[in-house]
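Coordinate analysis (summary)
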Amino acid sequence: MPNRSHNIKVAATYAILTSVFATAVAAITKYLSTSISVGMIVFIQYLICLFTLLPWLARVGAEGIRSDHLSQHLIRGVAGWLCFYTYYLAISHIPLVDASLLRNTAPICVPFFMLILFKTGMAWYKGAGIALGFIGILLILKPDGNSISLWHGVGFVSGISLSLSMIYTRELSTTEPSNRILFYYFAISIVLSLPIAISEWGPVPVQLWPGLLTVGLSIFITMKLYNLAYTHAPANTIAPLSYFGVVFAGLLGWLIWDHKPDAQSLIGIALVIGGGIASLLAASTRFRKTPTT
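In what follows, the accompanying structure is described. These figures come from a predicted structure and were not determined experimentally.

Before going further, it helps to spend a moment on the pattern of salt bridges. It is possible for side chains of opposite charge to pair when their charged atoms get near one another. Under the counting rule described, the total for this entry stands at 2 salt bridges. Across the pair Glu63 and Arg66 runs a salt bridge whose closest N-O atoms are separated by 3.2 Å. Like Glu63, the residue Arg66 is exposed in the burial classification. Notably, a salt bridge pairs Glu176 with Arg180, separated by 2.6 Å at the nearest N-O pair. Assigned by exposure class, Glu176 and Arg180 land together as buried.

This paragraph deals with the nonpolar core. Core analysis: the largest hydrophobic core is formed by 61 residues, its most contacted members being Tyr46, Tyr88, Phe186, Ile219 and Met223. In terms of residue count, the dominant contributor to this core is helix α2 (residues 38–52) (10 residues). If you look at the next biggest cluster of nonpolar residues, it comprises 6 residues, including Leu101, Ile137, Val246 and Ile269.

With that settled, consider a nonpolar patch on the surface. On the surface, Leu251, Trp254, Leu255, Ile256 and Trp257 cluster together into a nonpolar patch covering about 520 Å² of accessible area. Tracing the backbone shows Trp254 in helix α12 (residues 244–257).

Here we take up the side chain of Ser193. Take Ser193: it is sitting in helix α9 (residues 178–200). A relative accessible area of 2% places Ser193 in the buried class. Sequence-distant contacts of Ser193, defined by excluding residues within four places in its chain, comprise Val42, Phe43, Tyr46 and Trp81.

So, how was this worked out
Residues numbered from 1 in each chain as written. Predicted model: local features only at pLDDT ≥ 70, side-chain atom pairs only at ≥ 80, totals over all residues. Heavy atoms only, no water. Salt bridge = Lys/Arg side-chain N within 4 Å of Asp/Glu carboxyl O. Buried < 20%, exposed > 50% of the residue type's maximum accessible area, 1.4 Å probe, protein only. Core = buried A, V, L, I, M, F, W, Y, C linked by side-chain atoms within 4.5 Å. Helix = DSSP H or I, 4+ residues; strand = E, 2+ residues; numbered from the N terminus. Patch = residues over 30% accessible without salt bridge, like charges linked within 9 Å, V, L, I, M, F, W, Y side chains within 5 Å. Areas by Shrake-Rupley, 256 points an atom, 1.4 Å probe, with all protein chains shown as cover. Contact = heavy atoms within 4.5 Å.

Next up, the structure:
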């Protein structure tokens, strides 16, 4: 098995930047979905992303996309596409914070999938940090049986698929260059999106194209940061920092839609941040005690 280079500080920086970009894209998508179908948004998004890789493809040719890990690329690609498609569906029907919270159940799912897929154990400190973040999510969401809808379930599917994407991004990053991972992800996503986009196709108002271009380019940047984050740390170590996306979603909701958090939500946000930091510090301590070779 290849050596893995761990740098928690670098990984944490990339992970938090990923949350900033992803939340901004979600807010733009929520606005776009009032005029354009989600299927069209997703297809155009990935088409733009693939175009950003054309200079790289022209440089490396067929040899640059040759891979011995096609099955892992397929799982990662399907999981990544399903994550975004269900997330965008959710945010078009429920509040941005709700969708973000459900998507950010991914860090809770990661350790269990790691255990099932790779027989990776879960240390108590990691479990404690995740549990703390989950309690914060529950406080912010204030679950009520009367308010949960089908679209909340769709949002949860986004979290489950994101956890698989996190895991396989990390696995692929040990053997594959970042651009190759992105190429397969974008290509698989275009193939999956095309039938839905065709069935929902309609005219796109000229004034919305800047937003669509922004979504496409921002997703490319997000994926680059995302891959870099999981290159420097294992998925079940850095995943809790995805909780920061919840905080950014709450801030955007406050600034743009005047959704002011109440005292319970603020406590929840504090717990989310505390859980992510606790898990990060525990992992950092562990790596300082583990010599690299």
